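Descriptive analysis of the structure
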Amino acid sequence: MVDVQQPRSLDELVGTGLVKQVPRSVHDIDEVALDTQVAKTFHGKYEIGSSRYFIASTDVSWAAISKNVQNHMLESSIGRAHYDNEKPGIVLIDYYPQPHGAFVLAMNKESRRRGQRLAGYFVLKPKGAVQHSR
């Protein structure tokens, strides 16, 4: 099966002084909440195939992160699309469907981390295609 196209790492797109990739911590409440939000949003069609997490300074807006990812994905001719439960400004999710799955950028609106917010890259596979791995 062909892989789902993803943008470069968020810390490369935005800058390492503002965003850092972090290892997944099974017990992190923010990561679990973000996983749950993405899984719930796309539960009828996709399941999470893999995920990567980034800590962004609160000085970096969702719009800036979203636009950097969108510009990079457009370089590969992959455009952002709307999804059934889209609520702009309320749910911070960008969805990039592709022939063999989808890429999703998501961010928690609120975080328990002081001065930082969690963003995630998610590769979604069609329901039943893969087991969840991280």
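Residues numbered from 1 in each chain as written. Predicted model: local features only at pLDDT ≥ 70, side-chain atom pairs only at ≥ 80, totals over all residues. Heavy atoms only, no water.

**Examining the overall build of the protein chain**
In terms of regular secondary structure, the protein chain is built from three helices and five strands. Counting from the amino terminus, the protein chain carries its helices and strands in the arrangement α-β-α-β-α-β-β-β. Counting every position in the protein chain, which comprises 134 residues, the buried fraction comes to 44%. Looking at the protein chain as shown, the accessible area adds up to about 7300 Å², and 50% of this sits on carbon and sulfur atoms. (Helix = DSSP H or I, 4+ residues; strand = E, 2+ residues; numbered from the N terminus. Buried < 20%, exposed > 50% of the residue type's maximum accessible area, 1.4 Å probe, protein only. Areas by Shrake-Rupley, 256 points an atom, 1.4 Å probe, with all protein chains shown as cover.)

**Topic: the pairing of strand β5 (residues 116-126)**
Counting buried residues in β5 gives nine out of eleven residues, a clear majority hidden from the surface. Pairing analysis gives eleven bridges linking strand β2 (residues 46-57) to β5, with the strands arranged antiparallel. Looking at β5, one finds that Ile 55 is bridged to Leu 118. (Pairing = 2+ DSSP bridges.)

**Observations regarding the environment of Tyr 96**
Its location among the elements puts Tyr 96 in strand β3 (residues 92-98). Looking at Tyr 96, the relative accessible area reads 0%, which means it is buried. C-alpha of Tyr 96 to C-alpha of Gln 5: the two residues are 91 residues apart in sequence and 9.1 Å apart in space. Apart from the residues lying within four places of it in its own chain, the contact partners of Tyr 96 are Ser 66, Val 69, Gln 70, Met 73, Ile 78, Gly 79, Arg 80, Ala 102 and Phe 103. At 3.5 Å, the side chain of Tyr 96 and the backbone nitrogen of Gln 70 are in polar contact. (Contact = heavy atoms within 4.5 Å. Polar contact = N/O pair within 3.5 Å; in protein donor to acceptor, adjacent residues only side chain to side chain.)

**So, the sheet that holds β5**
Taken in spatial order, the five strands make up an open sheet running β1-β2-β5-β4-β3, and their pairing is antiparallel. Edge positions in the open sheet fall to β1 (19-22) and β3, since each of these has one partner strand only. Taken pair by pair, the neighbouring strands of this sheet meet at an average axis angle of 20°, ignoring direction. Here six bridges tie strand β4 (residues 101-107) to β5, and the two strands are oriented antiparallel to one another. Bridge pairing in β5 places Ala 102 opposite Leu 124. On top of the sheet, helix α2 (residues 29-41) reaches β1, β2, β3, β4 and β5; it is set at about 40° to β5, its chief contact. (Axes fitted to C-alpha atoms, helices over the stretch in contact; angles between N-to-C directions.)

**Things to note about the confidence of the model for the protein chain**
Looking at the protein chain, the pLDDT average stands at 85 and 88% of residues meet or exceed 70. Taken as a whole, residues 130-134 scores under 50 in pLDDT and shows 15 contacts with residues more than four places along the chain or in a different chain. (pLDDT = per-residue confidence, 0-100.)

**Quick notes on helix α3 (residues 62-75)**
Compared with the 20 Å implied by 1.5 Å per residue over 14 residues, the 20 Å span of α3 between its first and last C-alpha is a close match. Against α1 (10-14), β2, β3, β4 and β5 lie the buried residues of α3. Looking one or two places after α3, you find Ser 77, whose phi comes out positive at around 60°. (Expected span 1.5 Å × (residues − 1).)

**Considering α2**
The end-to-end C-alpha distance of α2 is 18 Å, a good match for the 18 Å that 13 residues give at a rise of 1.5 Å each. Along α2, the positions that sit buried rather than exposed are Asp 30, Glu 31, Leu 34, Asp 35, Val 38 and Thr 41. Relative to the axis of α2, the buried residues are bounded by an arc of 140° and lie together on one face. Of the surrounding secondary structure, the elements contacted by the buried residues of α2 are β1, β2, β3, β4 and β5. (Arc of directions from axis to C-beta.)

**What to know about the packing of aromatic side chains**
Considering all chains together, one arrives at nine aromatic pairs under this definition. An angle of 70° between the planes, with centres 6.3 Å apart, marks the rings of Phe 42 and Tyr 46 as edge-to-face. Judged by relative accessible area, which is 6%, Phe 42 ranks as buried. Judged by relative accessible area, which is 6%, Tyr 46 ranks as buried. Arranged with centres 5.0 Å apart and planes meeting at 85°, the rings of Phe 103 and Tyr 121 form a pair that is edge-to-face. A residue pair is termed long-range when its members are at least 10 positions apart, and Phe 103 in strand β4 and Tyr 121 in strand β5 qualify at 18 residues. Assigned by exposure class, Phe 103 and Tyr 121 land together as buried. Through successive ring pairs, a cluster of aromatic residues spans Phe 42, Tyr 46, Tyr 83 and Tyr 95. (Phe/Tyr/Trp six-rings, centres within 6.5 Å; stacked < 30°, edge-to-face > 60°.)

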